[in-house]
Every structure is written in C-alpha cells, then in structure tokens.
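Okay, here's what each chain looks like letter by letter:
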Amino acid sequence: MDRMKRVPVREQEPEARVHNFDEVCLGYNEEEAKEEAARCLNCKNPLCVSKCPVYIKIPEFIQHVKEGDFEEAARTIAKDNALPAICGRVCPQESQCEGKCILGIKGEPVSIGKLERFVADWSREHKVDLTQKEEGSGRKVAIIGSGPAGLTCAGDLAKKGYDVTIFEALHEPGGVLVYGIPEFRLPKDTVIRHEIENVKKLGVKIETDVIVGKTVTIDELFDEEGYEAAFIGSGAGLPKFMNIPGENANGVFSANEVLTRVNLMKAFREDYETPVKLGRKVAVVGGGNVAMDAARTALRLGSETHIVYRRSEEELPARVEEVQHAKEEGVIFNLLVNPVEILEDENGWVRGVRCIRMELGEPDESGRRRPVEVKGSEFDMDFDTVIMALGTSPNSLISSTTKGLETNKWRCIVADEQTGQTSREGIYAGGDAVTGAATVILAMEAGKKAAKAIDEYLTSGGKGSVKDQPGD
Amino acid sequence: MYRLLEKRLLATNIYYMKVEAPRIARSCLPGQFVIVKTDDKGERIPLTICDYDAQAGTIAIVFQTVGSSTYQMALLEEGNAFQDVVGPLGNPSDMTGEALEDLKKESILFIGGGVGTAPVYPQVKWLCEKGIASDVIIGARSKEQLILVEEMQKVAGNVYIATDDGTAGFHGMVTGRLKQLVQEEGKHYSKAIVIGPMPMMRAACQLTKELGIPTIVSINTIMVDGTGMCGACRVTVGGKVKFACVDGPEFDGHLLDFDEAIRRQGMYKTEEGRARLKELEREQGIQHSCGCGHGGDK
C-alpha cells in the first residue's frame, strides 16, 4: 500500500447519478475504512485536532477504526460531536482537519471526513446507543431553530440535565440540513432523521410550526412559560438578489426557493403536491456551495445547467469536491461573467441573461482578487430559468421583537465569540444568525460554546446574577 | 396536529373551518395569515385568518377550492386534523398600530371580493370592538357566492352588496357600487382597504385613485415558507422589491405593480394543473369559479 495515497471512496457514476437524487458518495466499507485508518501517523501533537472547530479526538478515533473497534470509535467522536454523520458529509475538511494533516505535505491527507462518516453510519446501522445523560436541574432552556447550531446546543444542555425545548419555524426540524442541503449530499430519511432522533432521545422536545418573534416572543417564553435562558440559532434565511432589471420576471428564483421546494417539500417526487418548475436551460448565478447544490439539483430535474460566476475558478467559494462533482455531472461553468440584466419575453418570462465579462483586479477585503467589468463586453445568453445563489442574510423576526437585542448593520445578532452572550441577559446566539451564512460545523461550534456558557450562567444563579443589581 | 373543530360550506366551493391553534390564536391580529399543510405530502398553503379566539385557542380560516391542495383540504371533516398550521405570518394591519383617536377620525371603507371577504371580517370586527363603525362592500358573482354577509352586518356600519348578475344588491361590480356611493349618495371615505382577487383589487385601486381615496390592498401571493426565506412572494411597490410575507401582506394599492403581481401569481399554473382541475371538476362536480365580484377568471 502506498501511504501517500488515499483509499478512494466509491461514488455513484456521474451518468447514473444525474438521473436520481440518491447520495453521490457511497462511503467506505469496513475494509476500506481500516485500510485508510492505517495511513494515520497518530501524531503526538495532532494538528488535525487543532483545526477542528469542535476538537474531535481525531487520531484516537482513527486508531479504533484501524483496530476494527468501530463502536469505540463512535464513542470517541460522540464526546465532542453530536452530528458526526452530517459533519462527515458536509464539513470543509480540506480547509480544517485534513488541511493540517502531516501526510498532506508530501502526499494526500488522511480522509478524516470519510472516516468520520463511516463510523457514524456504522454506529447508526448497528444501533449503537450513544446517549449519555447526567442528572440535572431540569431548568427550562429554549432553543430557537433546529439547524446545526440549535441541535448541538440543545443536545449538550440536555446531556447536562436541562429541560430543553427547540422551537422550529418550519414543519420539520433540521433547518438548513433539511431545506437547504440536497438529498444527494445529505440523505434526509436516514442520516438527518437519525441524528435528530438522537437529540430527542436525550430528552430534547421539538415544537415545530413555531416562529419565534411571531407565534411567541422570547420575552413571553421567559415571562409566561418559565424559560430561564434562550439560545438563538435561527440561521440566515433571507435570500439576496442582484437588484438588476428583469429580476422579477417569471422564472427567476432564489436558490432557497428551488432548494426548499425540492428538499423540504420533495417536489422532485410525483407523490408530493408541491410543484417545482425549471426550464430547459438554467443559469445559476453564484459560486458557493449553495450554487453548486442548486445547479446539481436543476441538472437532476432534467435541465441543461450553467454556473454564472463573476470571478475565476480559483476564487469559487464552493468546496473543491462540490465543484468537481458538478463538473463530472455536466454542469457548465461560465466564469468571469456577471449578469447585468434578465431578459424577458413578451409574456414576462425569462428568455435570457445579458452578461458582461469580468477580469480580476487588485485583491479586496476578502483577499480574493476583485472582479472588474470589461467595458463594452456585454453579450446575451439564452436561458429560460435563472436561479440566484448569491448568499443569504439573517431576517429580523427575532431581533425586531426582542427588546434590547443588539444587531449589526447586516442584521446579524451581536454575540460574544466565546460564549454567544448577546446584549440581553440570559439570551445567547450563534451560527449563521450571528455570522451570516457560514458552515454547518461553525454553527455547531457556536452551539457548543453557548451550551457551556448557558450552563455556567444558570449554575451561577441565572437571572440577575451576571449584572449588578440596582442598589448593590 | 391541529384539530378541525367546525366545518361549514359558506358558498359553492368556499369553506369555513375553525381550527384548534392556541399559540396562533393568542398572538394574531387582523391582517395576518397562516400557512396550513394537510398531511405529509401536501403543499404549504397560505390562507388569511378570518377570525380568532384567544380564550378558546381557535382560529378560523376560509378558503376556496381552486386546485388539488385546497381540494384535499376540503375533504377534511370535523374531528380530523391539519398536520401543520403555522403563524401568524405577515404584519398586522396598519390600523392596529394607529392611535385610537386618529382612527376615530377616519371613515373607513372595506371592499371584499369573493373569498377576500373573509380577511376583511376580522378587521371590521376589530374596529367595531374599539367602537368604530366602518362600511363594507361585499362583492360576488351571484347571490349564492356571497359569504359572511350576516356576520359582517353585526360588526359593520353599513354593508353594501354587489353581484355581477344582479341576484342580490347592486347589479354590477364592487367598483360600480363604490362609484355610486361616492358620486350619487354623497359618501366620503378617508381610507379604503380592498381584499380580493388581483384583477378586482387592481380595478378598485384605479377607481379609488381617481376618487382620491388612499387605499390599502392585502395580497395573497405564491410562497413556500412565509418567513422571508424563499422570495417567491416578491412584488414591486413604488419601484422597490418587497416580500409579501414579511413586508406585507398589506401594501399601498396605488403603488403596487399589479401587472407584475398577476403575472407572477400565474407562474405555477401549468397545462397539467389545468387538466387536473378539469378532471376534478368532472369527477367531483366541483366548479372552479372564483366569484370575486369582478367577473374575473382567477
């Protein structure tokens, strides 16, 4: 065996997978996992762990895999990560754990993500019970949003014996894991449902169809329902548009709309009522993971699909693996191109996109080279559907109905990076609601930190204990 | 689950349902809406709230069967339950935020077209509870299609009826009745609130603009989540793009781009959809008429 080379992971062939919504990556089997695990150098000072937002004991779990003790591997991961089957699939490992792997200097880093995924899937299939719960106070904590931040925070607090209820605005728990990330990257009925069931097994209650800020306010939860602390993990749901002419034409959608219809409402299935309507030729504007998800979804619905992105391939914010998969499946990349106008037919439906060519100038604040328009280079492309995947921002349903909750100019909730503490006592926040759209694992990290801070806050007395009382 | 406590057929294909939804009943105000989902595989359907009772923990919705999802809803019987009812969504009517003494100086006219009469009711009732009597024009295609007339009479100052075929009240559209009220009967209104099918609202707004009456419309657009996530509900108001779900559903009727809104509303109307409707009509004897009081074909 060549230690410098990874054990390749099996995938559905591109020709087959563009016709279904089944998971693309098939994962390792036991033999492959053991073989890949054997590549790990088991470093004394593991740099991989230092780059994991939740500090999973990576070499330790990999050693268990190498020895074939998958249950122990699962227990090792579970100490730090409540959603390993999800992280193993959607974490940007190349810029985190795997990015620091010593083997990566001369060869290919250990496939930490694929190993994590293998262990999580194995423990699900073998019904390993990982729930460990302490006796606790039973004091009530409200979690707003059941995405990765909320689930993590809820799970950690329930383990410590708190009485935790998650309030979810949609009819199904999971947040972006359910409405955003497609089935072919993150299977809902097996992976997501199971991870949510695990959180419920810890005693966490989930109330769906509750929009905090509308159905009930945080202050009502505190004053009328006896909650003593709250964590806001409501994500970043508001889609951005370009504000160019023609954007309200029929056939222009946000990626959120298309993905929600397909993922949450299962519009791709005949037996579900919700429709999705994409044309023959679809343009997806943007270059992030959501753009890749939208493009690959459109492809599977039978459309010729193009990415339209204003910078070059090097600057694509999407994970390399996602770009690779999209290309294999036949998504066409139009780079250094930016839409300036959506063209409509006489009935107000999209008939094309007027674009302008771009070139890269000096680096901007993000460190990436700034795209600059090439004067006079406008040209038209034929499309009948345009999907805008330009990012999302938090909505203000909660901040506008919670007095004294500070937000910044992007409507993100202001919260302490280490604790998630907001400007209101007893209220913590984390994930995309604080940072703007980011990754699943960063949201989980924030949920974890906030759970610790909430535990400390309530243990030290709760309401009134952290601030000087008048007259003190 | 959200139990269906009472079901009534108000007119052909128009149903009234009282549903157990205690959290929503406690928090909602006139002008807001809910999204309901019948079962696992159903669509999320936005519907205006027709009435609510915080004490009893119930809300009432009124809807018309216009497609397969609303048809599925109509099959629910008392004792059955909706899988999901979420809300209240959207902003409450502007008037609920206004000072009472200012409101008392207004003379408000409501115009409800067809099933749009339902969301008018809680607003008129809210004003009535504050001691303010408002006038209401209820429009429908014919007498059989009129809804909530008696209920409205209990809470409104004057209720005027208009039917396209003249089988009840004024013979003609709601706009005709409004013109008559203002130009022939000397009525003066400082504000109009119009709710109904888009073509009817557009026509009413053209008239109120001529008559110089500031007008609010409440719109029901395509939407998925209802919390600002999907952007399907975007409309243009005074040149600016707004989301009906979080910025509305009420907008200035003189600034809303109706042509665009009507065009966008038809986005998912497909050949298959029309065929399916025809099939349902044949099978079930369900008529697809909108009865909006403006003779439009929604």
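Asker: What exactly am I supposed to notice about the overall build of chain B here?
Answerer: Each helix and strand in chain B was counted, giving 10 helices and 16 strands. By the burial criterion, 58% of the 298 residues in chain B qualify as buried. Sequence separation of 24 or more characterises 65% of the internal contacts of chain B that already satisfy a separation of 6 or more. Accessible surface for chain B amounts to roughly 11700 Å². Of this, 47% is attributable to carbon and sulfur atoms. When the 33 basic and 38 acidic side-chain charges of chain B are each reduced to a single mean position, those positions are 2 Å apart.

Asker: Help me understand the pattern of salt bridges in this model?
Answerer: Pairing between side chains becomes possible if they bear opposite charge and their charged atoms approach one another. Residue and element names in this part refer to chain B. What the rule picks out here adds up to 52 salt bridges over all chains. For Arg 8, the salt bridge is made with Glu 6, and the minimal N-O distance between the two is 3.1 Å. Note on Arg 8: relative accessible area 33%, which makes it partly exposed. You can call Glu 6 partly exposed: its relative accessible area is 24%.

Asker: Explain the sheet that holds strand S9 (residues 281–285) of chain A to me, please; I cannot follow it from the model alone.
Answerer: In any sheet, the strands associate via hydrogen bonds between backbone groups, in a parallel or an antiparallel arrangement. Residues and elements named next belong to chain A. Within the open sheet, the five strands sit side by side as S8-S16-S9-S10-S11. Their pairing is parallel. In this open sheet, the two edge strands, each paired with only one partner strand, are strand S8 (252–254) and strand S11 (332–335). Here the strands of the sheet are splayed against their neighbours by 25 degrees on average, with no regard to which way each runs. Taken together, the three bridges between S8 and strand S16 (residues 385–388) define a ladder with parallel strand orientation. Looking across to S16, one finds that Val 252 is bridged to Val 386. Lying over the sheet, helix H14 (residues 289–300) contacts S9, strand S10 (304–309), S11 and S16, oriented at roughly 160 degrees with respect to S10.

Asker: Quick question: what am I supposed to make of the interface of chain A and chain B here?
Answerer: Interfaces are often sized by the accessible area lost when the parts come together. In this assembly, 44 residues from chain A lie in contact with 45 residues from chain B. Carbon and sulfur atoms make up 52% of the surface buried where chain A meets chain B, a total of about 3500 Å² over both sides. When the buried surface of chain A facing chain B is broken down by residue, A:Lys214, A:Asn248 and A:Glu273 rank first, second and third, together holding 21% of it. Summed over the shared surface of chain A and chain B, the number is three salt bridges. Its salt-bridge partner being B:Arg23, residue A:Glu207 comes within 2.8 Å of it at the nearest N-O pair.

Asker: Please clarify how the sheet that holds strand S5 (residues 205–207) of chain A should be interpreted in this entry.
Answerer: All names here are of chain A. Taken together, the five strands give an open sheet; going across it, the order is S5-S4-S3-S6-S18, and neighbouring strands pair in parallel fashion. Looking at which strands have only one partner, the edges of the open sheet turn out to be S5 and strand S18 (427–429). For this sheet the average axis-to-axis angle between neighbouring strands, irrespective of direction, equals 20 degrees. Here strand S4 (residues 163–167) runs beside S5; their pairing, made up of three bridges, is parallel.

Asker: Any chance you could explain the confidence of the model for chain A here in plain terms?
Answerer: Caution applies to low-pLDDT parts of the model: their predicted coordinates are not meant to be read in detail. In the predicted model, chain A carries a mean pLDDT of 93, and 98% of its residues have values of at least 70. Across residues 467–472 of chain A, where pLDDT falls below 50, the model places three contacts with residues more than four positions away in sequence or in other chains.

Asker: Help me understand the pairing of S4(A), please; the structure alone is not making it clear to me.
Answerer: Successive side chains on a regular strand alternate, one facing one side of the sheet and the next facing the other. All names here are of chain A. The element S4 is extensively covered by neighbouring structure, given that four of its five residues are classed as buried. Judged from the five bridges that link them, strand S3 (residues 140–144) and S4 form a sheet pairing that is parallel. In the sheet register, Val 141 faces S4, and the bridge partner there is Val 164. Where the polypeptide runs from S3 across helix H9 (residues 148–159) and back to S4, its parallel neighbour, the crossover connection is right-handed.

Asker: Looking at this structure, how should I read the packing of helix H5 (residues 70–78) of chain A against helix H8 (residues 112–125) of chain A?
Answerer: Each pair of packed helices can be described by the angle between their axes along with the distance between the axes. All names here are of chain A. Where H5 contacts H8, the two axes come as close as 9 Å, and the packing angle between them is 110 degrees. Regarding the angle of H5 to H8, the classification is roughly perpendicular. In this structure, H5 uses Phe 70, Glu 71, Ala 73, Ala 74 and Ile 77 to contact H8, whose residues at the interface are Glu 116, Phe 118, Val 119, Trp 122 and Ser 123. The class makeup of the residues in the contact of H5 with H8 is seven nonpolar, one polar and two charged.

Asker: Would you mind showing me how to read the side chain of A:Arg311 here?
Answerer: All names here are of chain A. Structurally, Arg 311 is set in the loop between S10 and helix H15 (320–329). At 3.4 Å, the side chain of Arg 311 and the side chain of Asp 364 are in polar contact. With near-sequence residues (within four places) excluded, Arg 311 lies in contact with Leu 335, Leu 336, Leu 360, Asp 364, Arg 368, Arg 369, Arg 370 and Pro 371.

Asker: Sorry if this is basic, but what is going on with the pairing of strand S14 (residues 369–373) of chain A here?
Answerer: All names here are of chain A. Bridge count for strand S13 (residues 350–363) against S14 is four bridges, and the pairing is antiparallel. Along S14, the bridge assignment pairs Leu 360 with Pro 371. In this structure, the hairpin formed by S13 and S14 is closed by a connection of five residues, where Gly 367 is found at a positive phi of approximately 90 degrees.

Asker: Would you explain helix H4 (residues 58–66) of chain A in this entry?
Answerer: An α-helical segment advances 3.6 residues per turn. Residues three or four places apart therefore align on the same side. Residue and element names in this part refer to chain A. For H4, a buried count of seven out of nine residues is recorded, marking the element as mostly surrounded by other parts of the structure. For H4, the set of buried residues is Ile 58, Pro 59, Phe 61, Ile 62, Gln 63, His 64 and Val 65. Contact partners of the buried residues in H4: helix H2 (30–37), helix H3 (47–50), H5 and H8. Looking one or two residues beyond H4, the residue adopting positive phi is Gly 68, at roughly 85 degrees.

Asker: Looking at this structure, I do not really get the confidence of the model for chain B. What am I missing?
Answerer: For chain B, the mean per-residue pLDDT works out to 89, and 90% of the residues sit at or above 70. Contacts for the low-pLDDT stretch residues 284–298 of chain B, under 50 throughout, to residues beyond four places or in other chains number 52 contacts.

Asker: So what exactly am I meant to see when it comes to the packing of aromatic side chains here?
Answerer: Aromatic ring pairs are defined here through the distance separating the ring centres and the angle between the ring planes. Per the counting criterion, the structure on display carries nine aromatic pairs over all chains. Between the aromatic rings of A:Phe70 and A:Phe118, the centroid separation amounts to 5.0 Å while the plane-to-plane angle is 85 degrees, which identifies the pairing as edge-to-face. Separated by 48 residues along the polypeptide, A:Phe70 in helix H5 and A:Phe118 in helix H8 bring together distant segments of the chain. Like A:Phe118, A:Phe70 is buried. Consider the rings of A:Phe253 and B:Tyr268, whose centres lie 6.5 Å apart with planes at 45 degrees: the pair is tilted. With A:Phe253 in strand S8 and B:Tyr268 in the loop between helix H9 (258–265) and helix H10 (271–284), this residue pair bridges two chains.

Asker: I'm lost on a nonpolar patch on the surface in this one. Help?
Answerer: The grouping of A:Leu41, A:Leu47, A:Ile102 and A:Ile105 at the surface amounts to a nonpolar patch, some 350 Å² of accessible area in total. Within the secondary structure layout, A:Ile105 lies in helix H7 (residues 103–106).

Asker: Looking at this structure, how should I read H14(A)?
Answerer: The end-to-end C-alpha separation of H14(A) is 16 Å, in line with the 16 Å expected for 12 residues at 1.5 Å each. Phi turns positive one or two residues past the end of H14(A), at A:Gly302, with a value near 100 degrees.

Asker: How should I be thinking about the side chain of B:Thr236 in this particular structure?
Answerer: Mapped onto the elements, B:Thr236 comes out in strand S14 (residues 234–237). Polar contacts involving the side chain of B:Thr236 include one to the side chain of A:Asn248, which spans 3.2 Å. With residues up to four places along the chain from it excluded, the contact list for B:Thr236 reads A:Asn248, B:Val241, B:Leu255, B:Leu256, B:Asp257 and B:Glu260.

Rules of the game
Residues numbered from 1 in each chain as written. Chains lettered and ligands numbered in written order. Predicted model: local features only at pLDDT ≥ 70, side-chain atom pairs only at ≥ 80, totals over all residues. Heavy atoms only, no water. Helix = DSSP H or I, 4+ residues; strand = E, 2+ residues; numbered from the N terminus. Buried < 20%, exposed > 50% of the residue type's maximum accessible area, 1.4 Å probe, protein only. Contact = heavy atoms within 4.5 Å. Areas by Shrake-Rupley, 256 points an atom, 1.4 Å probe, with all protein chains shown as cover. Lys, Arg positive; Asp, Glu negative; His and termini not counted. Charge placed at Lys NZ, Arg CZ, Asp CG, Glu CD. Salt bridge = Lys/Arg side-chain N within 4 Å of Asp/Glu carboxyl O. Pairing = 2+ DSSP bridges. Axes fitted to C-alpha atoms, helices over the stretch in contact; angles between N-to-C directions. Buried area = accessible area lost by both parts, 1.4 Å probe. pLDDT = per-residue confidence, 0-100. Right-handed = clockwise from strand over helix to strand, strands pointing away. Parallel < 35°, antiparallel > 145°, perpendicular 65-115°, else oblique. Nonpolar A, V, L, I, M, F, W, Y, C, P; charged D, E, K, R; others polar. Polar contact = N/O pair within 3.5 Å; in protein donor to acceptor, adjacent residues only side chain to side chain. Phe/Tyr/Trp six-rings, centres within 6.5 Å; stacked < 30°, edge-to-face > 60°. Patch = residues over 30% accessible without salt bridge, like charges linked within 9 Å, V, L, I, M, F, W, Y side chains within 5 Å. Expected span 1.5 Å × (residues − 1).

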